[in-house]
Amino acid sequence: YWLIDFANVCIVIHLIGAYQVYAQPLFAFIESWTLNMFPKNKLINKDHNVHIPLCGDYPLNIFRLIWRTLFVIITTIISMLLPFFNDVLGILGALGFW
């Protein structure tokens, strides 16, 4: 049924956006912790300017890119290993709402 497929696509789009919002405090904590632990490490501290056409330069930090990508990959693998992940999300949503 096309309506169920459309609803599933909407859920996926919503979860992608919500995942980024919920992960931001953890990202900020790990990035500030590593910055304080390794203040002279150029991988953690240095930003590389990447030119994006029509948008200008974007400061890209290699550590931030690697850390966030690995975190998303690991949590995705763990979520695929859970057989009832939708039920777990429902419980977490109910606890968050409560």
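Residues numbered from 1 in each chain as written. Predicted model: local features only at pLDDT ≥ 70, side-chain atom pairs only at ≥ 80, totals over all residues. Heavy atoms only, no water.

K.L.:
What's the story with the overall build of the chain in this structure? I'm lost.
P.N.:
Per the secondary structure count, the chain includes 4 helices and 2 strands. Taken from the N to the C terminus, the helices and strands of the chain come in the order α-α-β-β-α-α. If one aligns the C-alpha atoms of the chain with their principal axes, the spans along those axes are about 50 × 35 × 25 Å. Burial statistics for the chain: of 98 residues in total, 11% are counted as buried. Contacts spanning at least 24 positions in sequence make up 35% of the contacts within the chain whose residues lie at least 6 apart. Total accessible area on the chain is roughly 8,500 Å²; 75% of this is exposed by carbon and sulfur atoms. (Helix = DSSP H or I, 4+ residues; strand = E, 2+ residues; numbered from the N terminus. Buried < 20%, exposed > 50% of the residue type's maximum accessible area, 1.4 Å probe, protein only. Contact = heavy atoms within 4.5 Å. Areas by Shrake-Rupley, 256 points an atom, 1.4 Å probe, with all protein chains shown as cover.)

K.L.:
Just to check I follow, could you spell out the nonpolar core for this structure?
P.N.:
Counting residues in hydrophobic clusters, the biggest one holds 6 residues: Ala23, Phe27, Ile44, Phe63, Trp67 and Phe71. Ranked by the residues each element gives to this core, the list is headed by helix H3 (residues 62-81), at 3 residues. (Core = buried A, V, L, I, M, F, W, Y, C linked by side-chain atoms within 4.5 Å.)

K.L.:
Looking at this structure, I do not really get the side chain of threonine 34. What am I missing?
P.N.:
Locating threonine 34 in the fold gives a position in helix H1 (residues 2-37). When neighbours within four sequence positions are excluded, threonine 34 is seen to be in contact with Ile44 and Phe63.

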